[in-house]
Amino acid sequence: MAALIAVCSWISIPLGEVPISLQTFAVFLTLGLLGGRLGTTVIVVYILLGAMGLPVFSGFRGGIGILFSTTGGYILGFLLSAVVYQIFERICGKKPFIMVFSMIAGLCICYAFGTFWFMILHTKNTGALGIKAVLSLCVLPFIIPDILKILCAVFIIKRVKKVRNYILKVCADDVILNEVKNLSGSTSVDSIAILEILH
């Protein structure tokens, strides 16, 4: 899944200092499919791979310098998004509307941390920049695209989980059917009838 985040990061549209990419989509897809705990681990691995110099960030970039650039806070903010998602998952469960809410909450935390990081480094390296200017540059253009990415991620997550549950059910039915045949010596028709009763 870290590879998926990397590939989606490469699919980007330059827009000022912060490009629009599918990175956010991949991050929340990872969290939804793997769960908060494992998803957070994958995001940590992704960030570490980038920090070690592998070109996993947008624009085929990598290196610790990217994380300490003005836009690096938004990459590190994904980790905070994952923590927020994990907290909501533990407290409120995994229902679709909880998933959407926790993703949006995580996105807001990412925005806040990334914007704060941007303002500090921009002030240090270039000069002070007002909050309105920073928001119009780093946040406002991304709100609608990011919400759409979250909705697409949730849609795919629901579809994948539905297919996964169906496959697990079919496999479980096969196991039960074989056990019934072995234990009872029933005919195929009788075994299927028993299986239907169990369901």
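This text goes with the structure placed above it.
Let me begin by describing the structure that accompanies this report. Given the structure is predicted, the values throughout are model-derived calculations rather than measurements.

## Thoughts on the overall build of the protein chain
Line of reasoning, step 1. The number of helices and strands found in the protein chain is 9 helices and 2 strands.
Line of reasoning, step 2. Taken from the N to the C terminus, the helices and strands of the protein chain come in the order α-β-β-α-α-α-α-α-α-α-α.
Line of reasoning, step 3. Relative to its 199 residues, the protein chain shows a buried fraction of 39%.
Line of reasoning, step 4. Within the structure as shown, the protein chain displays about 11,000 Å² of accessible surface, and the carbon and sulfur contribution to it stands at 73%.

## Considerations on the packing of aromatic side chains
Ring pairs (aromatic) are described by centroid distance and by the angle formed between their planes.
Line of reasoning, step 1. On inspection of all chains with the given rule, the structure shows 5 aromatic pairs.
Line of reasoning, step 2. With a centroid separation of 5.6 Å and an interplanar angle of 85 degrees, the aromatic rings of Tyr46 and Phe57 are classed as edge-to-face. Highlighted residues: Tyr46 in helix H3 (residues 36-51) and Phe57 in the loop between H3 and helix H4 (64-67), separated in sequence by 11 residues. Phe57 carries the same exposure label as Tyr46, and that label is buried.
Line of reasoning, step 3. Centre to centre, the rings of Phe68 and Trp117 are 6.1 Å apart; their planes meet at 40 degrees, and the pair counts as tilted. Taken together, the residues Phe68 in the loop between H4 and helix H5 (72-92) and Trp117 in helix H6 (residues 96-125) connect sequence positions 49 residues apart.

## Examining the side chain of Ser81
Line of reasoning, step 1. Within the element layout of this structure, Ser81 appears in helix H5.
Line of reasoning, step 2. With near-sequence residues (within four places) excluded, Ser81 lies in contact with Phe28, Leu31, Gly106, Leu107 and Cys110.

## Brief notes about the nonpolar core
A general tendency of soluble globular proteins is for nonpolar side chains to be buried together.
Line of reasoning, step 1. One finds Ile5, Leu31, Ile43, Tyr46, Phe57, Met103 and Cys138 to be the most contacted residues of the largest nonpolar core, which totals 40 residues.
Line of reasoning, step 2. Broken down by secondary-structure element, the contributors of at least two residues to this core are helix H1 (2-10), helix H2 (23-34), H3, H4, H5, H6, helix H7 (131-138) and helix H8 (143-184).
Line of reasoning, step 3. If you tally residues by element for this core, the top one is H6, at 7 residues.
Line of reasoning, step 4. Excluding residues that lie within four positions of it along the chain, Met103 makes contacts with Phe28, Gly32, Tyr85, Ile150, Val154 and Ile157.

Cut-offs used in this document
Residue numbers here run from 1 along each chain, matching the order of that chain's written sequence. At least 70 in pLDDT is required for a residue's local features to be given in this predicted model, at least 80 for side-chain atom pairs to be given and counted, and no such filter applies to totals for whole chains, interfaces and linings, which use all residues. Hydrogen atoms and water are omitted, and side-chain values are computed over all heavy atoms in the structure. Strands here are runs of E lasting at least two residues and helices are runs of H or I lasting at least four, both read from the DSSP assignment and numbered beginning at the N terminus. In this scheme, a residue with accessible area under 20% of its type's maximum is buried, one over 50% is exposed, and one in between is partly exposed, where area comes from a 1.4 Å probe on protein chains only. Here the Shrake-Rupley method, with its probe set to 1.4 Å, supplies the accessible areas, and only the displayed protein chains count as covering residues. Classification of ring pairs uses Phe, Tyr and Trp, with its six-membered ring standing for Trp, and accepts pairs whose centres are within 6.5 Å; under 30 degrees between planes counts as stacked, over 60 as edge-to-face, and the remaining range as tilted. Working rule for contacts: check all heavy atoms of both residues, and any pair within 4.5 Å makes them a contact. Side-chain atoms within 4.5 Å are what join buried Ala, Val, Leu, Ile, Met, Phe, Trp, Tyr and Cys residues into a set we call a nonpolar core.

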